[in-house]
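# Structural characterization, general
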Amino acid sequence: MKFVFASYVYTRAYNSPEAWIDRINIYTGMLESLAKSNQVISIEQIDYEGEYQKDGVEYQFMRFSKNELRFPFRLHQFIKNQKPNVVVIQSLHFPLQVIQLRLLLGRKVKIIVQNHAEKPFIGLKKYAQKLADTCIDAYLFASREMGAEWVERGNIASVKKIHEVMEVSSVFKPMDKAIARQKTNTHGSPVFLWVGRLNANKDPLTIVKAFLKYAATNPTAHLYMIYHTDELLTFMQKIIDSSPQKNNITLIGKVPHSELQYWFNSADVIISGSYYEGSGTAVCEAMSCACMPIVTDIFSFRMITNNGRCGLLFEPGNEAELLSALKKCDEIDIIEKQETALEYFESVLSFEAIADKIEDIAQAL
């Protein structure tokens, strides 16, 4: 089959194909896996024009103005000229563009749209999404429950179009924990890791409060926190400094993405307190390095942990439930959970698994 992947977003900050592909490597591995048995063209929009080949994927770099992306005839004509069997559009927030695409392509070409954490539109925009739904053959959501929410709100007509497919994966691999910990200078038993923005949605304050209570009876446990925004840092620092267990938490700050492999392999457990995630990239990456997840009981994390079978779930914002989950680490076999998490990653969340799912969905349309 011939796949064309495209979006309606222009990223001006990049002007190098190599730098851009490296930037989106948590996604391009799927294209490369799909290209092993299919022809794959990916249209990228940065400050560069030209063709670029990598690992079987044909990248077409194009520039468009904002007005062109509202009425993207040139982009759509380029897509049509490729004579694809399937077009995959990134994001559900461009219903008018998808309608235009369908009018140009006709009904023979299948259109799949991938969700990237978008919420359903309301008001007049909702009607645009409902109209676009008649033009779309299938939707990819990280969790089937997330897609069902769109159906319940009336933006999508039928759950039959909803398919559960992880949106991104991980380029990281398991490595010797001793080597990783020598690199990161981590210590503790168990070692816990938190990665994310210090904002209300990620809820680091609940994580810190529960962990300090856990550390009061588990003095060898240690939590490392990596973050690249610091909205709640002042509040979090006050909570940590006022606790007798303050030395059980280390604030790392920003770390280059390439170095996260060492951190994920240093940790025994990955923690997330998110209220909402489109998928959960950091947790996925941690599981690819055999970390056991303790994460919130939200749609995307239910999928990413196989409904908690790979680790433990707790209610978002519920400090007591998180503390209970942390205490269970003293009772369960963490190594067994780590092995389960890695096996699930390889069978469901890896680039190869995602590509196989997309190919199966496309063939069934």
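What counts and how
Residues numbered from 1 in each chain as written. Predicted model: local features only at pLDDT ≥ 70, side-chain atom pairs only at ≥ 80, totals over all residues. Heavy atoms only, no water. Buried < 20%, exposed > 50% of the residue type's maximum accessible area, 1.4 Å probe, protein only. Helix = DSSP H or I, 4+ residues; strand = E, 2+ residues; numbered from the N terminus. Pairing = 2+ DSSP bridges. Right-handed = clockwise from strand over helix to strand, strands pointing away. Axes fitted to C-alpha atoms, helices over the stretch in contact; angles between N-to-C directions. Contact = heavy atoms within 4.5 Å. Nonpolar A, V, L, I, M, F, W, Y, C, P; charged D, E, K, R; others polar. Core = buried A, V, L, I, M, F, W, Y, C linked by side-chain atoms within 4.5 Å. Salt bridge = Lys/Arg side-chain N within 4 Å of Asp/Glu carboxyl O.

What follows is about the pairing of strand β9 (residues 191–195). The buried count for β9 comes to 4 of 5 residues, which makes it a mostly enclosed element. Taken together, the 5 bridges between β9 and strand β10 (residues 222–226) define a ladder with parallel strand orientation. Note on β10: the bridge partner recorded for Val-195 is Ile-226. Read as a crossover between parallel neighbours, the route from β9 over helix α9 (residues 204–217) to β10 is right-handed. Note: β9 against strand β12 (residues 269–272), 3 bridges, orientation parallel. Bridge pairing in β12 links Leu-193 to Ile-270.

Glancing now at the packing of helix α15 (residues 334–349) against helix α16 (residues 351–364). Helix packing geometry: the angle between the two helix axes and the distance between the axes. Where α15 contacts α16, the two axes come as close as 5 Å, and the packing angle between them is 35°. Residues Glu-346, Ser-347, Val-348 and Leu-349 of α15 form the contact with α16, whose own contacting residues are Phe-351, Ala-353, Ile-354 and Lys-357. In terms of residue class, the contact of α15 with α16 is made up of 5 nonpolar, 1 polar and 2 charged.

Take the environment of Ala-117 next. Mapping Ala-117 onto the fold places it in the loop between β6 (110–114) and α6 (124–133). Along the primary structure Ala-117 and Lys-209 are separated by 92 residues, whereas in three dimensions their C-alpha atoms are 28 Å apart. Aside from chain neighbours lying at most four places away, what touches Ala-117 is Tyr-276 and Gly-278.

All right, on to the nonpolar core then. Within the largest apolar cluster, 45 residues are counted, with the highest numbers of intra-cluster contacts made by Phe-5, Met-30, Met-287 and Leu-349. Sorting elements by how many residues they give to this core places α16 first, with 6 residues. Apart from the residues lying within four places of it in its own chain, the contact partners of Phe-5 are Tyr-27, Met-30, Leu-31, Leu-34, Val-40, Ile-41, Ser-42, Ile-43, Val-88 and Gln-90. If you look at the next biggest cluster of nonpolar residues, it comprises 32 residues, including Phe-78, Val-87, Ile-89 and Ile-99.

Another point: the pattern of salt bridges. Inspection of the entire model under this criterion finds 14 salt bridges. For Asp-55, the salt bridge is made with Lys-54, and the minimal N-O distance between the two is 2.8 Å. Since its relative accessible area comes to 49%, Asp-55 is described here as partly exposed. For Lys-54, a relative accessible area of 30% gives the class partly exposed. The partner of Asp-137 in a salt bridge is Arg-102, with the nearest N and O atoms 2.8 Å apart. Here Asp-137 is found in the loop between α6 and β7 (138–141), whereas its partner Arg-102 is found in helix α5 (residues 95–105), with 35 residues between them in sequence.

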